[in-house]
Amino acid sequence: MEINTRGKKVAPQLDLKTVEMEVPDSYEYSPGKHQPPYAHHPSSPYHQQAAAQQHQQNQSEAGSPASDAVMIKIDVSSPVRGDDQQRYPKEIGKTLLALLFLAFNFFLATVSLSLVHDRVPDRDTHEPLPDAFLDRVAPQDWALDVSEILIMIVVNSCVVLITFHKHRFIVMRRVFLLLSILYLMRSMTMYVTVLPVSSRTYYCSPKSNASSATVIVKRAFQLISGMGLSINGKQIYCGDYIYSGHTVTLVLGYLVISEYSPKRFWPIHWLYWAASLTGVVMVLVAHGHYTVDVLIAYYVTTRLFWTYHTLANNSLLLKRNVRGPIPLQYDLPISMPASWMKKSPKLPGRES
């Protein structure tokens, strides 16, 4: 410490050249560069650090197990959900089983109607029940034919849609299952409660006082041959009121078309909605059913359809092989020859 002429303490000035000689610009701890004189001593920390770095470098150059352990490669197989066949299996056996279940319940419904026909109250002594709609609209026999023509249009449209759907077997067994449940419930409801004939003009075949098993089976097959439609001349039995089979078919047909066709086809959806509504109204105009039959049929069909598809589209609610909603894709139902496919373009899939 120096003192200047004014009496103030002044810090000593360092010799810059000396500092530059004593302190190097940068330290490199590589062996042989800027090491203290004692760095080559075996017990010094510098010597030990250099030896460890040299050993690690030799191992990495030689491809030692320590260097290879850093890179770990795990082969992961592709997820099952990416495979269309695994995610949406055809399960043809289940589809055939659902078809057999539908045939059994449809036959059971016809047997129920065959039994009910002999229990219908006589029209000469029992008038139709009071009805808010039927009492205000005069019966029109032609309206029932209009309703059944609309039924045939809607049903055939559903058949075409399901045929060209890529996952047609899944859609088929769903429709078969829903129809089976609806016909099973209908066979019970119309048997337990028999209502008087709602129309004064509809033809009912004569009753059989002793209904044997042969007569019942003959009636059932006669109804099946006409698909339960009066327009075919096979539906001549009365008593199938609660609930309306015409309404079930029309409403379910519209729901299937709306669910499994592209959403961009909303004008077609509205068209089939109008056709279904017209068919239901025509049943009432013809006095083919009571109003309560139509309301119950609409409620049961829509709730069953929506409940089932809510469960089917959510894997957390229902464990099943088909996971998630079915994509709206379409293709040909049969495989075309390769020579034909080269000449004609492939039918593209349709997404919603």
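Predicted model only: the values in this text are computed from it and were never measured. (Residues numbered from 1 in each chain as written. Predicted model: local features only at pLDDT ≥ 70, side-chain atom pairs only at ≥ 80, totals over all residues. Heavy atoms only, no water.)

*Asks:* Would you mind showing me how to read the overall build of the chain here?
*Replies:* In terms of helices and strands, the chain carries 12 helices and two strands. Written out in order from the N terminus, the α and β elements of the chain read β-β-α-α-α-α-α-α-α-α-α-α-α-α. Within the chain, residue pairs in contact and separated by at least 24 positions form 80% of the contacts whose partners lie at least 6 positions apart. Within the structure as shown, the chain displays about 22500 Å² of accessible surface, and the carbon and sulfur contribution to it stands at 63%. (Helix = DSSP H or I, 4+ residues; strand = E, 2+ residues; numbered from the N terminus. Contact = heavy atoms within 4.5 Å. Areas by Shrake-Rupley, 256 points an atom, 1.4 Å probe, with all protein chains shown as cover.)

*Asks:* When you look at the nonpolar core in this model, what are you seeing that I'm missing?
*Replies:* One broad rule of soluble globular proteins: the nonpolar side chains tend to lie buried together. Of all hydrophobic cores here, the largest spans 52 residues; its most connected members are Tyr-243, Leu-252 and Val-256. Secondary-structure elements contributing two or more residues to this core are helix 5 (92-116), helix 6 (141-164), helix 7 (168-192), helix 9 (245-260), helix 10 (266-285) and helix 11 (291-312). Of the residues forming this core, the biggest block, nine residues, is contributed by helix 7. Discounting chain neighbours no more than four positions away, the residues touching Leu-252 are Leu-178, Leu-179, Leu-182, Thr-301 and Phe-305. Judged by nonpolar contacts, the second largest core, of five residues, contains Ala-143, Met-282, Val-285 and Ala-286. (Core = buried A, V, L, I, M, F, W, Y, C linked by side-chain atoms within 4.5 Å. Buried < 20%, exposed > 50% of the residue type's maximum accessible area, 1.4 Å probe, protein only.)

*Asks:* I keep staring at the pattern of salt bridges and nothing clicks. Help me out?
*Replies:* Pairs can form between side chains of opposite charge whenever their charged atoms are close. Here the structure, examined in full by the defined rule, presents six salt bridges. In this structure, Arg-219 engages Asp-118 in a salt bridge whose closest nitrogen and oxygen atoms are separated by 3.3 Å. You can see Arg-219 sitting in helix 8 (residues 213-225) and its partner Asp-118 sitting in the loop between helix 5 and helix 6, a full 101 residues away along the chain. Overall, the relative accessible area of 5% leaves Arg-219 in the buried class. Across the pair Arg-200 and Glu-127 runs a salt bridge, and its minimum N-O distance is 2.8 Å. Of the two residues, Arg-200 sits in the loop between helix 7 and helix 8 while Glu-127 sits in the loop between helix 5 and helix 6, which places them 73 residues apart along the sequence. With a relative accessible area of 49%, Glu-127 lands in the partly exposed category. Several salt bridges converge on common partners, so that one network encompasses Glu-91, Lys-94 and Arg-173. (Salt bridge = Lys/Arg side-chain N within 4 Å of Asp/Glu carboxyl O.)

*Asks:* So what exactly am I meant to see when it comes to the packing of aromatic side chains here?
*Replies:* Each aromatic ring pair is summarised here by two numbers: the centre-to-centre distance and the angle between the ring planes. Following the criterion strictly, the structure yields four aromatic pairs and no others. Here Arg-119 stacks its cationic end above the ring of Tyr-191, 4.7 Å away from the centre of that ring. (Phe/Tyr/Trp six-rings, centres within 6.5 Å; stacked < 30°, edge-to-face > 60°. Lys NZ or Arg CZ within 6 Å of the ring centre and 35° of its normal.)

*Asks:* Looking at this model, I keep getting lost on the packing of helix 5 against helix 8. Mind explaining?
*Replies:* When two helices pack together, their arrangement is given by the angle between their axes and by how far apart the axes lie. Their axes nearest at 8 Å, the elements helix 5 and helix 8 cross at an angle of 120 degrees. Between helix 5 and helix 8, the angle is such that the two are oblique. Relative to helix 8, the crossing made by helix 5 is right-handed. Between helix 5 and helix 8, the contacting residues are Phe-106, Phe-107, Thr-110, Val-111, Leu-113, Ser-114 and Leu-115 on the first element and Ile-216, Arg-219, Ala-220, Phe-221, Leu-223 and Ile-224 on the second. The class makeup of the residues in the contact of helix 5 with helix 8 is 10 nonpolar, two polar and one charged. (Axes fitted to C-alpha atoms, helices over the stretch in contact; angles between N-to-C directions. Parallel < 35°, antiparallel > 145°, perpendicular 65-115°, else oblique. Left-handed = near helix turned anticlockwise from the far one by under 90°. Nonpolar A, V, L, I, M, F, W, Y, C, P; charged D, E, K, R; others polar.)

*Asks:* Honestly, the UniProt feature "transmembrane region" (unreviewed entry) in the chain in this entry has me stumped. Any pointers?
*Replies:* Here, the residues flagged by UniProt with the feature "transmembrane region" (unreviewed entry) are residues 96-116, 142-164, 176-197, 241-258 and 270-290. In residues 96-116, the share of helix is 100% and the share of strand is 0%. The end C-alpha atoms are 30 Å apart. Between the end C-alpha atoms of residues 176-197 the distance is 30 Å, and the span holds 77% helix and 0% strand. (UniProt positions renumbered as here; feature names shortened; annotations may be inferred.)

*Asks:* Would you mind going over the packing of helix 6 against helix 7 with me for this structure?
*Replies:* At a minimum axis distance of 7 Å, the contact between helix 6 and helix 7 shows a crossing angle of 140 degrees. Together, Ile-162, Thr-163 and Phe-164 of helix 6 and Arg-168, Val-171, Met-172 and Val-175 of helix 7 make up the contact between the two elements. Its residues placed into classes, the contact of helix 6 with helix 7 shows five nonpolar, one polar and one charged.

*Asks:* Help me out: how do you make sense of helix 5 in this one?
*Replies:* Given 3.6 residues per turn, any residue in an α-helix points the same way as the ones three and four places further on. If you check helix 5, its first and last C-alpha atoms are 36 Å apart, about what 25 residues at 1.5 Å a residue would give, namely 36 Å. When helix 5 is considered as a whole, its buried residues turn out to be Thr-95, Ala-98, Leu-102, Asn-105, Phe-106, Ala-109, Thr-110, Val-111, Ser-112, Leu-113, Ser-114 and Val-116. (Expected span 1.5 Å × (residues − 1).)

*Asks:* Got a minute to help me understand the side chain of His-287 in this structure?
*Replies:* Looking at the secondary structure, you find His-287 in the loop between helix 10 and helix 11. Polar contacts involving the side chain of His-287 include one to the main-chain carbonyl oxygen of Val-137, which spans 2.7 Å. In contact with His-287, not counting residues within four places along its chain, are Leu-134, Val-137, Ala-138, Pro-139, Ser-198 and Ser-199. (Polar contact = N/O pair within 3.5 Å; in protein donor to acceptor, adjacent residues only side chain to side chain.)

*Asks:* For this particular structure, what's the right way to read unusual backbone geometry?
*Replies:* Of all residues except glycine, most have a negative phi; of all peptide bonds, most are trans. For the bond from Ile-242 to Tyr-243, the omega torsion is -5 degrees, close enough to zero to count as cis. Along the chain, Tyr-243 turns up in the loop between helix 8 and helix 9.

*Asks:* So what exactly am I meant to see when it comes to the environment of Leu-129 here?
*Replies:* If you trace the backbone, Leu-129 turns up in the loop between helix 5 and helix 6. Owing to a relative accessible area of 35%, Leu-129 belongs among the partly exposed residues under this scheme. Separated by 67 residues in the primary sequence, Leu-129 and Pro-196 have C-alpha atoms spaced 6.9 Å apart. Excluding its chain neighbours within four sequence positions, the residues that come into contact with Leu-129 are Leu-195, Pro-196 and Tyr-290.

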